[in-house]
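Coordinate analysis (summary)
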Amino acid sequence: MVRRIVCRELAGPEAMRLEEVPAPPLGPGQVRVAVRAAGVNFPDILMTYGKYQLRPPLPFTPGVEAAGDVVECAADVSGVRVGDQVITKHRVGGYTDEIVLAAADTHPLPPGFDYAEGACFMVGYHTAYHGLVQRGQVGPGQVLLVHGAAGGVGLGAVEIGKLLGATVIATGSRDDKLAVVKARGADHVINYVSDNFRERVKELTDGRGADVIYDPVGGDVFDESLRCIAWNGRLLVVGFAGGRIPAAPANLALLKGCAVVGVRAGEFGRRNPAAAKANQRALLDWAAAGKLKPHISHRLPLERFAEAMAVLSDRKAVGRVALLAR
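In this report, the structure presented in the accompanying data block is examined. This structure is a prediction, so every number in the text was calculated from the model and none was measured.

Another point: the nonpolar core. Counting residues in each nonpolar core, the largest one holds 43 residues, and the members touching the most others are Phe121, Leu132, Ile160, Tyr214 and Leu283. Membership of the second largest hydrophobic core comes to 36 residues, among which are Val33, Met47, Phe60 and Val86.

A few words now on the environment of Asn279. Within the secondary structure, Asn279 sits in helix α10 (residues 273–288). Look at Asn279 and you get buried, because its relative accessible area is 3%. Dropping the residues within four chain positions of it, Asn279 is found in contact with His126, Tyr129, His130, Gln134 and Phe268.

At their nearest, the axes of helix α3 (residues 122–135) and α10 sit 10 Å apart, and the two run at 115° to each other. As far as their axial angle goes, α10 and α3 are roughly perpendicular. Where α3 crosses over α10, the two elements pack in a sense that is right-handed. Here Met122, Tyr125, His126, Tyr129, His130 and Gln134 of α3 come into contact with α10, specifically with Ala276, Asn279, Gln280, Ala282, Leu283, Leu284 and Trp286. Residue classes in the contact of α3 with α10 are distributed as eight nonpolar, five polar and no charged.

Turning to the environment of Gly242, a few remarks are in order. Tracing the sequence through the fold places Gly242 in the loop between β12 (229–237) and α8 (250–256). Each C-alpha atom, one on Gly242 and one on Val221, is 8.3 Å from the other, the two residues being 21 residues apart in sequence.

At the N-terminal boundary of helix α6 (residues 197–204), the capping side chain belongs to Asn196, with an oxygen 3.0 Å from the backbone nitrogen of Arg198. Immediately beyond the C-terminal end of α6, within one or two residues, lies Asp206, with a positive phi of roughly 55°.

Let us now look at unusual backbone geometry. A cis amide bond, omega -10°, links Leu58 with the succeeding residue Pro59. Topologically, Pro59 is positioned in the loop between α1 (42–49) and β4 (65–73). For Gln137, which is not a glycine, the phi torsion comes out positive at approximately 50°. Considering the arrangement of structural elements, one finds Gln137 in the loop between α3 and β8 (143–146). On the accessibility criterion, Gln137 (56% relative accessible area) is exposed. A positive phi angle is found at Asn232, which is not glycine, with a value near 65°. For Asn232, the location among the structural elements is in strand β12.

The final tally for this structure, using the stated rule, is 24 salt bridges. A salt bridge links Arg184 to Glu159; the shortest N-O distance between them is 3.1 Å. Taken together, the residues span a long stretch of sequence, with Arg184 in the loop between α5 (175–183) and β10 (188–191) and Glu159 in helix α4 (residues 152–163) at a distance of 25 residues. On the accessibility criterion, Arg184 (26% relative accessible area) is partly exposed. Taking the relative accessible area as the measure of exposure, Glu159 reaches 9% and is therefore buried. With its nearest N and O atoms 3.6 Å apart, the salt bridge here joins Arg200 to Asp195. A network of salt bridges, in which partner residues are shared, links Arg264, Glu267, Arg270 and Arg271.

With that settled, the discussion passes to the pairing of strand β15 (residues 320–324). Of all five residues that make up β15, four are buried, and the element is covered over most of its length. The pairing of strand β3 (residues 30–40) with β15 spans four bridges and is classified as antiparallel. Note on β15: the bridge partner recorded for Val40 is Val321. Two strands pair when backbone bridges link them, and strand β14 (residues 296–301) and β15 are joined in this way by five bridges, in the parallel orientation. Considered in β15, the bridge of Arg299 is made with Ala322. Viewed along the sheet, the connection from β14 through helix α11 (residues 305–313) into β15 turns out right-handed.

The subject of this paragraph is the sheet that holds strand β9 (residues 167–172). Taken together, the six strands give an open sheet; going across it, the order is β10-β9-β8-β11-β12-β13, and neighbouring strands pair in parallel fashion. In the strand order of this sheet, the two ends are held by β10 and β13 (259–262), each with one partner. For this sheet, the mean inter-axis angle between neighbouring strands, taken without regard to orientation, is 20°. α3 contacts β8, β11 (210–215), β12 and β13 of the sheet and is inclined by roughly 145° relative to β12.

About the cut-offs
Residues numbered from 1 in each chain as written. Predicted model: local features only at pLDDT ≥ 70, side-chain atom pairs only at ≥ 80, totals over all residues. Heavy atoms only, no water. Core = buried A, V, L, I, M, F, W, Y, C linked by side-chain atoms within 4.5 Å. Buried < 20%, exposed > 50% of the residue type's maximum accessible area, 1.4 Å probe, protein only. Helix = DSSP H or I, 4+ residues; strand = E, 2+ residues; numbered from the N terminus. Contact = heavy atoms within 4.5 Å. Axes fitted to C-alpha atoms, helices over the stretch in contact; angles between N-to-C directions. Parallel < 35°, antiparallel > 145°, perpendicular 65-115°, else oblique. Left-handed = near helix turned anticlockwise from the far one by under 90°. Nonpolar A, V, L, I, M, F, W, Y, C, P; charged D, E, K, R; others polar. Polar contact = N/O pair within 3.5 Å; in protein donor to acceptor, adjacent residues only side chain to side chain. Salt bridge = Lys/Arg side-chain N within 4 Å of Asp/Glu carboxyl O. Pairing = 2+ DSSP bridges. Right-handed = clockwise from strand over helix to strand, strands pointing away.

Written out as structure tokens, the structure is:
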């Protein structure tokens, strides 16, 4: 039997239950992974309400990434062996202590990573990398403004932005969170509760504004971002953690000569698998070189899944939240 967190109705995390179910069978090209940790992501929460673009049929188990040990391989699998420590990426299924998936959906656990760090690595960093490289075209000498910088995808964007050579300005709502962001590489931090980030960005850039703005927040943050973007800038729409989905005034896009660009790393990977693999390789190389490692503020046991998801949705996390399955 396998323990899984099961969503049987679209009523949010509190309605889910920890259940014991028969171990899934192993098919061709698949491996069985004993899950040690799973990363908690906003799409997991949205799926439990039926508010995400992917709506898996009920019942389902949330969890788009995990890490653990390979305990069984199908006869036709090569390149993955029993005993390998791996990180996994999937659309659902990670909140469990055992998962069956395609061998191609596993990657070696980066050296120096524990299981929780591995479980929180691929999704957030891949979103940031795709957003900044393919969509934002961030490079040396540019100014990158990252909102929600203390969150998982925001902190990843700060770190990757620095690796790409940008000057990084990061915003957040609490000074203690911003201290972590500063320690992870941000050149400047702005508390947008106590300060006007639009004016501060203009001050820091001598009136030019930011070349690229990475926005997983939306709402008022998006609205103000359009007013501090540089000529020919790119405003990256990553998500709407702030709740309100904004509408972009077309006159500001005209006056600024800027672009509002959507970022969907998962869909990008499904449509461009070769490019997605190249992104993953770049991230894994940086991790192996010690240049990337997730910051995890909360590690909770699997049975406290609802609490872990609340930490994320209530914006109490700094960086990532992990569920520990074993």
